[in-house]
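In case you want the letters, here they are:
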Protein chains: 2
Amino acid sequence: MEPHEPDLTAVPVTNVLAALADDVRLQIVRALAEGGESACGSFDFGVSKATRSHHLRVLREAGLTRTRAAGTSRLVRLRRDELDKLYPGLLDAVLTQRPPA
Amino acid sequence: MEPHEPDLTAVPVTNVLAALADDVRLQIVRALAEGGESACGSFDFGVSKATRSHHLRVLREAGLTRTRAAGTSRLVRLRRDELDKLYPGLLDAVLTQRPPA
DNA sequence: ACCCTTGTTCGACAACTATCGAACGACGCC
DNA sequence: GGCGTCGTTCGATAGTTGTCGAACAAGGGT
């Protein structure tokens, strides 16, 4: 089964934005941006593994991440270069933690 | 009744992104970015006026636009300065028309 | 071979959202 | 005052999405 990793240019902008417009997924993206390639299991944000798997699929199908198998785990990484090339400033704008004031 | 125009810093990023993650709303935002302040009625993107009104409210409540009454119309404008300050690069990244290839 | 760990998939369910027509309200104009 | 325009709000509906538990599949270790 192919991992469904689309060409980023083929994904409508609205899909990319929708993928980022969820708190859990944004936390995943932040963790990936900071920690680099990580196993799915490392994202414990208070949701079940079924839900986590769902969110990872949404991110993957929106062209935001790539996944590869590694033993019994799967390693996920941000497609940062492509993202920055196609949407310069988007990730930076979204990832930056804003001051609470 | 106040027009519900929140402080941008009080709006969660996910709300801003969700507001942009819709094709109709993105067209509205693009039109505003190009044409400046415009009347609600100038956005005819194949939806009813009820739906248009709904989308304009979503944009307003996400802090993306401001609305003011002007006679029988209402003029909407993009809060571009604030947006660019708080999320530098976001609008630029999203507004740029992608090459179809 | 067995089991444990890691993820995915499958319903199911609740919540949200985009859409519409119709009713309503506000304003300007004749 | 009366009418037409512009826009909002209401109620309904169909579709999408976030969430879960349970079942399943694939690997690694012992």
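Here the structure is a predicted model, which means the values were calculated and not measured.

**Student:** What's the story with the overall build of chain A in this structure? I'm lost.
**Tutor:** Across its full length, chain A holds 5 helices and 3 strands. Along its sequence from the N terminus, chain A presents helices and strands in the succession α-α-β-α-β-β-α-α. Its C-alpha radius of gyration of 13 Å places chain A within 12% of the 13 Å reference for a compact globule of 101 residues. Principal-axis analysis of the C-alpha atoms places the extent of chain A at approximately 40 × 35 × 20 Å. Looking at the 101 residues of chain A, the share that counts as buried comes to 42%. Taking the intrachain contacts of chain A between residues at least 6 apart in sequence as the baseline, contacts between residues at least 24 apart amount to 60%. Counting every atom, chain A has about 5,500 Å² of accessible surface; 50% of that belongs to carbon and sulfur.

**Student:** I'm lost on the protein's contact with DNA strand C in this one. Help?
**Tutor:** Surveying the vicinity of DNA strand C reveals 22 residues, the closest of which are A:K49, A:S53, B:S48, B:T51 and B:H55. For DNA strand C, the backbone makes up 69% of the atoms found within 4 Å of the protein, where backbone means sugar plus phosphate. Side-chain polar atom of A:K49 to a base oxygen of DNA strand C: 2.7 Å apart, as the coordinates give it. One of the side-chain N or O atoms of A:T72 is found 3.1 Å from a sugar or linking oxygen in DNA strand C. Elements that contribute at least two residues to the surface near DNA strand C include exactly helix 3 (49-61) and strand 3 (73-78) of chain A together with helix 3 (49-61) of chain B. It is helix 3 of chain A that contributes the most residues to the surface near DNA strand C, 5 residues altogether. Among the residues forming the surface near DNA strand C, the class breakdown is 6 nonpolar, 10 polar and 6 charged.

**Student:** Could you clarify how one ought to interpret the pattern of salt bridges in this entry?
**Tutor:** When their charged atoms lie close together, side chains carrying opposite charge are able to pair. Residue and element names in this part refer to chain A. For the coordinates displayed, the defined rule picks out 14 salt bridges over all chains. One salt bridge in this structure joins E5 and R66, with 3.1 Å as the shortest N-O distance. Within this pair, whereas E5 is found in the segment before helix 1 (13-20), its partner R66 is found in strand 2 (residues 65-70), the two being separated by 61 residues in sequence. Using a relative accessible area of 24% as the deciding quantity, one classes E5 as partly exposed. For R66, a relative accessible area of 25% gives the class partly exposed. For the salt bridge of R80 with D92, the shortest nitrogen-to-oxygen distance reads 3.8 Å.

**Student:** Looking at this structure, how should I read the environment of A:V76?
**Tutor:** Residues and elements named next belong to chain A. As for its position among the elements, V76 is in strand 3. Here V76 falls in the buried class, since its relative accessible area comes to 1%. Measuring from C-alpha to C-alpha, the distance between V76 and D22 comes to 18 Å, with 54 residues separating the pair along the chain.

**Student:** I keep staring at helix 3 of chain B and nothing clicks. Help me out?
**Tutor:** Because each turn of an α-helix spans 3.6 residues, side chains separated by three or four positions in sequence point in the same direction. Residues and elements named next belong to chain B. When the terminal C-alpha atoms of helix 3 are compared, their 18 Å separation across 13 residues agrees well with the 18 Å that a helix rising 1.5 Å per residue should span. Listed in full, the buried residues belonging to helix 3 are R52, H55, L56, L59 and R60. Angular distribution of buried residues about the axis of helix 3 spans 140°; they occupy a single face of the element. Each element contacted by the buried residues of helix 3 is listed here: helix 1 (13-20), helix 2 (23-35), strand 2 (65-70) and strand 3 (73-78). Among the residues trailing helix 3, G63 stands out with phi positive, at a value near 85°.

The rules behind the values
Residues numbered from 1 in each chain as written. Chains lettered and ligands numbered in written order. Predicted model: local features only at pLDDT ≥ 70, side-chain atom pairs only at ≥ 80, totals over all residues. Heavy atoms only, no water. Helix = DSSP H or I, 4+ residues; strand = E, 2+ residues; numbered from the N terminus. Rg over C-alpha atoms; globule rule 2.2 N^0.38 Å. Buried < 20%, exposed > 50% of the residue type's maximum accessible area, 1.4 Å probe, protein only. Contact = heavy atoms within 4.5 Å. Areas by Shrake-Rupley, 256 points an atom, 1.4 Å probe, with all protein chains shown as cover. Near = heavy atom within 4 Å. Polar contact = N/O pair within 3.5 Å; in protein donor to acceptor, adjacent residues only side chain to side chain. Nonpolar A, V, L, I, M, F, W, Y, C, P; charged D, E, K, R; others polar. Salt bridge = Lys/Arg side-chain N within 4 Å of Asp/Glu carboxyl O. Expected span 1.5 Å × (residues − 1). Arc of directions from axis to C-beta.

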